[in-house]
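Results of the structural survey
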Amino acid sequence: MELDIAVEFEDYFPSMMERLGAEGFIGELCNGFRLLMDCERGLITFESLKRNSILLGLNDMRDDEIVCMLSEGDLDGDGALNQVEFCILMFRLSPGLLDNGSKQWVEGYDVL
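Residues numbered from 1 in each chain as written. Predicted model: local features only at pLDDT ≥ 70, side-chain atom pairs only at ≥ 80, totals over all residues. Heavy atoms only, no water.

In the annotation of an unreviewed UniProt entry, the chain is listed under the name Calcium-binding protein PBP1-like and assigned to Durio zibethinus.

1. What to know about the overall build of the chain
Each helix and strand counted, the chain has four helices and zero strands in total. Along the chain, helices (α) and strands (β) appear in the sequence α-α-α-α when read from the amino end. Here the chain holds 112 residues, and 35% of them are scored as buried. (Helix = DSSP H or I, 4+ residues; strand = E, 2+ residues; numbered from the N terminus. Buried < 20%, exposed > 50% of the residue type's maximum accessible area, 1.4 Å probe, protein only.)

2. Notes on the confidence of the model for the chain
With 79% of its residues at a pLDDT of 70 or more, the chain shows a mean pLDDT of 83. Mean pLDDT across the elements of the chain ranges from a minimum in helix α1 (residues 13–36), with 89, to a maximum in helix α3 (residues 63–73), with 94. (pLDDT = per-residue confidence, 0-100.)

3. Quick notes on the packing of aromatic side chains
Under the defined criterion, the tally for this structure stands at two aromatic pairs. Where Phe 25 meets Phe 91, the ring centres are 5.8 Å apart and the plane angle is 85 degrees; that geometry is what we call edge-to-face. Residue Phe 25 is found in helix α1, and its partner Phe 91 is found in helix α4 (residues 83–92); the two are separated by 66 residues along the sequence. Here Phe 25 and Phe 91 have matching classes, each one buried. Seen in terms of ring centroids, Phe 33 and Phe 86 are 5.9 Å apart; in terms of plane orientation they differ by 55 degrees. Their pairing is tilted. (Phe/Tyr/Trp six-rings, centres within 6.5 Å; stacked < 30°, edge-to-face > 60°.)

4. Concerning α3
Listed as buried for α3 are Ile 66, Leu 70 and Gly 73. All buried residues of α3 fall inside an arc of 75 degrees around its axis, so they share one side. Where the residues of α3 are buried, they touch α2 (46–55) and α4. (Arc of directions from axis to C-beta. Contact = heavy atoms within 4.5 Å.)

5. Side note on the nonpolar core
Phe 25, Leu 29, Ile 44, Phe 86 and Phe 91 are the most contacted members of the largest nonpolar core, which has 22 residues in total. Residue assignment for this core shows that the elements contributing at least two residues are α1, α3 and α4. The element contributing the most residues to this core is α1, with nine residues. When near neighbours in sequence (up to four residues on either side) are disregarded, Ile 44 contacts Phe 33, Leu 36, Met 37, Leu 49, Leu 70, Ala 80, Leu 81 and Phe 86. (Core = buried A, V, L, I, M, F, W, Y, C linked by side-chain atoms within 4.5 Å.)

6. Examining the environment of Ser 15
As for its position among the elements, Ser 15 is in helix α1. Spatially, the C-alpha atom of Ser 15 lies 10.0 Å from that of Phe 25, the residues being 10 residues apart in sequence.

7. A look at the pattern of salt bridges
Overall, the coordinates contain four salt bridges when judged by the stated rule. The shortest N-O distance in the salt bridge between Asp 64 and Arg 62 comes to 3.0 Å. On the basis of relative accessibility, which here comes to 46%, the residue Asp 64 falls in the partly exposed class. When its relative accessible area of 47% is taken as the criterion, Arg 62 is described as partly exposed. Across the pair Arg 62 and Glu 65 runs a salt bridge, and its minimum N-O distance is 3.6 Å. (Salt bridge = Lys/Arg side-chain N within 4 Å of Asp/Glu carboxyl O.)

Pasting the structure below:
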């Protein structure tokens, strides 16, 4: 039996960028990074993402989904995300962020 489940995604990043401005938005992304990171390593690791996803109510995430999330943004191949990789990933995953002209707001932040 095939399930046909549609997931609706609402991208709030463009409105956040507009409301907070570029500097405030980048600050919020950095806060999100710190929330998910392993404090000892300063990186988002498999263990830190798994632990913190449970705290965020995402209890049903499978290990392979966590690995996939990390590999999606891991640009240097170390198996973890540093702050720059995390910010780049967040921009890439926001379908409306670059479409609405927001790219010019973040050009000086090296996240693209």
